[in-house]
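Spelled out from the first residue to the last, the chains are:
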Amino acid sequence: MAHNVEKDDVTGIETTGHEWDGIKELNNPLPRWWLWTFYACIVWAIGYWVVYPTWPLISSHTKGMIGYSSRQDVVDKIAEAKAAQAQYLDRIEVASLADIRADTELLNFSLAGGKSAFAVNCSQCHGQGAQGFVGYPNLNDDDWIWGGTPEEISATIHYGIRSAHEDTRFSVMPAFGKDGLLERQQINQVVEYVLKISGQEHDEAAASEGQTVFAEQCSSCHGDTGQGLHDLGAPRLSDAIWLYGGDRQALRETVTNARFGVMPDWTNRLDEATIKQLAIYVHSLGGGE
Amino acid sequence: MDQASQAASQASVSSAKVETIDVDAVNKKEERSLYKARVKIYPKRAKGVFRKLKWLVMAATLAVYYLAPWIRWDRGPNAPDQAILIDFPARRFYFFFIEIWPEEVYYLTGLLIIAALGLFLVTSLAGRVWCGYTCPQTVWTDLFIWVERLVEGDRSARIRLDKAPLSVNKIARKTTKHVLWILIGMATGGAWIFYFADAPTLLVDLFTFQAPIVAYSTVAILAGCTYVFGGMMREQVCTYMCPWPRIQGALVDEESLIVSYKDDRGEPRAPFRKNMDWDTRGDCIDCNQCVAVCPMGIDIRDGQQLECIHCALCIDACDEVMTRINRPLNLISYDTYVNHERRAAGRPEQKPRIFRARTVIYAALIAIVGLIMLAALITRSTLDINILHDRNPLFVKLSDGGIRNGYTIKILNKQHEIRRFEIAIEGLENALISVVGQEGTSGLTVPADRLAQFRVFVSVPAANAPDGREDFNFVVTDLADGNRAINDTVFRGPEQ
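Residues numbered from 1 in each chain as written. Chains lettered and ligands numbered in written order. Predicted model: local features only at pLDDT ≥ 70, side-chain atom pairs only at ≥ 80, totals over all residues. Heavy atoms only, no water.

**So, the pairing of strand E4 (residues 258–261) of chain B**
Residue and element names in this part refer to chain B.
Piece 1. Side chains Ile258 and Ser260 of E4 all project onto a buried face; the interleaved residues Val259 and Tyr261 project onto the opposite face, where all are buried too.
Piece 2. Sheet analysis places E4 next to strand E5 (residues 332–335), joined by four bridges and oriented antiparallel. Bridging across to E5, isoleucine 258 finds its partner in aspartate 335. (Buried < 20%, exposed > 50% of the residue type's maximum accessible area, 1.4 Å probe, protein only. Helix = DSSP H or I, 4+ residues; strand = E, 2+ residues; numbered from the N terminus. Pairing = 2+ DSSP bridges.)

Spelled out as structure tokens, the structure:
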């Protein structure tokens, strides 16, 4: 729309024709370099439309001249990374755990790979730092229910605990209270005895009664002195580490109703190399035997 | 002036002919506009003391820039032998005997502070010395104008050429000029990359097309920038893009030496005529030589202005004219505002005071920062440790009731040889220390000029477990020379 061209008296420059509170804006052009940059951007954008996928269509999108696809790019990069890792993974696949640990290169690769596999598959139950929660063992400490050598850890990961796998590690502690195997008083006595052997405050009289009950009912799995037995997955009771809590209340609950912790088997979910890396990583957390 | 030249200038007076140049300053006092399309400037060649000084400074700065990466410096094995090297892949900066690791970039901060203060100091002493002589924009623009003059001739020849219709001669000259500019640009970009890699190797790689793509693109970008900034944009960069002219006004005071025109002596100006009476007029003959030589295209007689870079070429131009017409020199000169005032009040000039609060404070600050940096450099240790305490879990309870904490200890060996260390702790009672993958805590090997990382477990028996947290130190000792690094960290246990 044409409007009357008005020139500012002082500067001799055309005004925009608007007026705000008596002030008129001058119609100064943009700096030329700015304009050229702007035009260059437009040309660039048009070029971009042609070369790269740009416009969404109803069921698809324009493909662009060079057929670039960011998704394909990612796929290629992953394949590239996989190929780069293959030289290590192939060796880990066939090497024994001991051999891997003896080879600095494979060891470092396994520690890094195991760490990331742990974060994806294991941290949900065992925690990001493998610190464990009630019912989910802390993997940093030096107490192992099923054994803490790399081979034993690997077996646990492969087959799980009380999982659906036929080779799973399996053990059942009787529910002494619920199933009526022990009287309430006997349960209390055996709990006092366990408090005693784990070095906690206890009732001495009840504990000595409990020792008899323990010898009859518990020692076949947990050992004469409560030292535990890896083969049966019977936890050591004479130490300071407790999976479900070691105070009077928690122990009474365990003896009365028993516990039934489950870990899935990973044989069919993770490949052999990943499981080996996981075993080595978990073993490296500091408590490995 | 000695006798001979005195005589020569006397002799020339009679035949004195000073060309009056038809040139307008780009920012004339009478009509300054906020925005104006660019007026092309054709700087005329100046001759004189400051021009010579500028050639010298140009030669020196360009020589430093182009040659510095080629200086060799023997650091022994396991280290590059280039005196100045920014080694990005290995994350090292080498400057002669100084070697800086990434965590020591505070040296760079110190250097920048010194550079800034240095700039403040020279500016408060003598105005925009930096802009006029040493700024890369000035140096390369000067070089490009020199090339332009070589190919197309001086001011008037260039104006004629630009006005002339297209001809073989014009195309040939213009093409030659631009090719030379681009070659200079490429040499400039080329020199830059030599600071980032072994120069001789890179030079060969560059010409055999073995160099990394980033080297070529850096050369291309810098060549382009040099060509556009030095050849095309020139004074526009200083006037419109650079923030420094706006800041410098605050650093100059009435005692600073600045390039200025003595209007008390020059005015009223009038054209030169033979045998006229100098008592009734000023010394300025309005020949516009000072405007014609100005690379910024301004008229210094309009007084101090933002565009003036204080290159002093107008002083040379004016002095040359004054010599020819046999008038005293320094109509345009380095002068202080105080003297302008004193002359106006009819008092004698005074020597510029160098020691003022401003300059003394700047100099003192430079000295302080310099000493701090020197002290830091002298006491720089070649052994450093970093300790990361495990956050998850914070601590682990062991089967015997003891508490164990995990640490990642990074040992930085800043010497160019393999070193072996021992890790110990102090300040934690009955603590046991073990290093993952090592027998014992001694003989931890760190390769030359590298960082090595160790997993360390510290455990204390239940009886000594701290309530919450306890501070203690890791001590890393060099087994060979007993050099020690001590770092404090924390041991955490359950709150009781």
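Back to the write-up after that little detour.
**So, the pairing of strand E12 (residues 451–460) of chain B**
Residue and element names in this part refer to chain B.
Piece 1. In terms of burial, E12 is largely enclosed, as seven of its ten residues are buried.
Piece 2. Bridge analysis of strand E8 (residues 403–413) against E12 gives ten bridges, and the strand direction is antiparallel. Each bridged residue has a counterpart across the sheet, and for lysine 410 the counterpart in E12 is glutamine 453.
Piece 3. Taken together, the four bridges between strand E10 (residues 432–435) and E12 define a ladder with antiparallel strand orientation. Counted as the bridge partner of leucine 432 is serine 459 from E12.

**Examining the pattern of salt bridges**
Residue and element names in this part refer to chain B.
Piece 1. Summed over the entire model, instances satisfying the criterion amount to 42 salt bridges over all chains.
Piece 2. Among the ionic pairs, aspartate 264 bridges to arginine 343, the shortest N-O distance being 3.1 Å. With aspartate 264 in helix H12 (residues 263–266) and arginine 343 in helix H15 (residues 337–344), this residue pair connects regions lying 79 residues apart in the sequence.
Piece 3. Here glutamate 349 ties to arginine 343 by a salt bridge, and the two come within 2.8 Å at their closest N and O atoms.
Piece 4. The class of arginine 343 is buried, set by a relative accessible area of 16%.
Piece 5. A cluster of three or more residues bridged by salt bridges with shared partners is formed by Lys40, Glu148, Glu152, Arg158, Asp162, Lys174, Lys177 and Arg234. (Salt bridge = Lys/Arg side-chain N within 4 Å of Asp/Glu carboxyl O.)

**Here's the deal with the confidence of the model for chain B**
All names here are of chain B.
Piece 1. For chain B, the mean per-residue pLDDT works out to 88, and 96% of the residues sit at or above 70.
Piece 2. Low pLDDT, under 50, characterises residues 1–15; the stretch is placed with eleven contacts to residues that sit more than four places away or in other chains.
Piece 3. Predicted complex, confidence summary: ipTM 0.76, pTM 0.69. (pLDDT = per-residue confidence, 0-100. Contact = heavy atoms within 4.5 Å.)

**Brief notes about the packing of helix H7 (residues 168–193) of chain B against helix H9 (residues 213–233) of chain B**
Axis angle and axis distance: for two packed helices, these are the angle between their axes and the distance between the axes, and together they describe the pair.
Residue and element names in this part refer to chain B.
Piece 1. The N-to-C vectors of H7 and H9 enclose an angle of 135°; their axes lie 7 Å apart at closest approach. In terms of axis orientation, H7 runs oblique to H9. With respect to the hand of their crossing, H7 and H9 are arranged in right-handed fashion. Residues His178, Trp181, Ile182, Gly185, Met186, Thr188, Gly189, Gly190, Trp192 and Ile193 of H7 lie in contact with H9, whose contacting residues are Ala215, Thr218, Val219, Leu222, Ala223, Thr226, Tyr227, Gly231 and Met232.
Piece 2. Counted by class, the contact of H7 with H9 contains eleven nonpolar, eight polar and no charged residues. (Axes fitted to C-alpha atoms, helices over the stretch in contact; angles between N-to-C directions. Parallel < 35°, antiparallel > 145°, perpendicular 65-115°, else oblique. Left-handed = near helix turned anticlockwise from the far one by under 90°. Nonpolar A, V, L, I, M, F, W, Y, C, P; charged D, E, K, R; others polar.)

**Some thoughts on the packing of aromatic side chains**
Piece 1. Taken as a whole and assessed by the stated rule, the structure comprises 32 aromatic pairs over all chains.
Piece 2. Between the aromatic rings of phenylalanine 170 of chain A and phenylalanine 260 of chain A, the centroid separation amounts to 6.1 Å while the plane-to-plane angle is 75°, which identifies the pairing as edge-to-face. With a gap of 90 residues between them, phenylalanine 170 of chain A in the loop between helix H6 (150–159) and helix H7 (184–197) and phenylalanine 260 of chain A in the loop between helix H10 (248–257) and helix H11 (272–283) connect regions that are remote in the sequence.
Piece 3. Here the aromatic residues Tyr65, Tyr66, Phe88, Trp140, Trp192, Tyr195 and Phe196 of chain B are joined through ring pairs into a cluster of three or more.
Piece 4. Directly above the ring of tryptophan 266 of chain A sits arginine 269 of chain A, whose terminal nitrogen or CZ lies 5.1 Å from the centroid.
Piece 5. Taking the ring centre of tyrosine 133 of chain B as reference, the NZ or CZ of lysine 54 of chain B above it sits at 5.9 Å. (Phe/Tyr/Trp six-rings, centres within 6.5 Å; stacked < 30°, edge-to-face > 60°. Lys NZ or Arg CZ within 6 Å of the ring centre and 35° of its normal.)

**Focus on the sheet that holds strand E2 (residues 92–95) of chain B**
Residues and elements named next belong to chain B.
Piece 1. Taken together, three strands build an open sheet; the order of strands is E1-E2-E3 and the sheet is antiparallel. Every interior strand has two partners, whereas the edge strands, strand E1 (84–87) and strand E3 (98–100), have only one. On average, adjacent strands in this sheet sit at an angle of 10° to one another, irrespective of strand direction.
Piece 2. Judged from the four bridges that link them, E1 and E2 form a sheet pairing that is antiparallel. Paired with isoleucine 84 across the strands is phenylalanine 95, a residue of E2.

**Some thoughts on the side chain of glutamate 235 of chain B**
Piece 1. Residue position: glutamate 235 of chain B is located in helix H10 (residues 235–241).
Piece 2. When neighbours within four sequence positions are excluded, glutamate 235 of chain B is seen to be in contact with Arg38, Val39, Ile41, Pro295 and Met296 of chain B.

**Looking at unusual backbone geometry**
Piece 1. With an omega of -10°, the peptide bond between glutamate 267 of chain B and proline 268 of chain B qualifies as cis.
Piece 2. The omega torsion of the bond from asparagine 392 of chain B to proline 393 of chain B falls at 0°, within 30 degrees of zero and hence cis.
Piece 3. Its place among the elements puts proline 393 of chain B in the loop between strand E6 (383–389) and strand E7 (396–397).
Piece 4. With phi around 60°, alanine 130 of chain A is a residue other than glycine that occupies positive phi space.
Piece 5. Turning to its location among the elements, alanine 130 of chain A is positioned in the loop between helix H5 (123–126) and H6.
Piece 6. Its identity as a non-glycine residue notwithstanding, alanine 312 of chain B has a phi of 70°, on the positive side.
Piece 7. Among the structural elements, alanine 312 of chain B can be located in the loop between helix H13 (289–293) and helix H14 (313–324).

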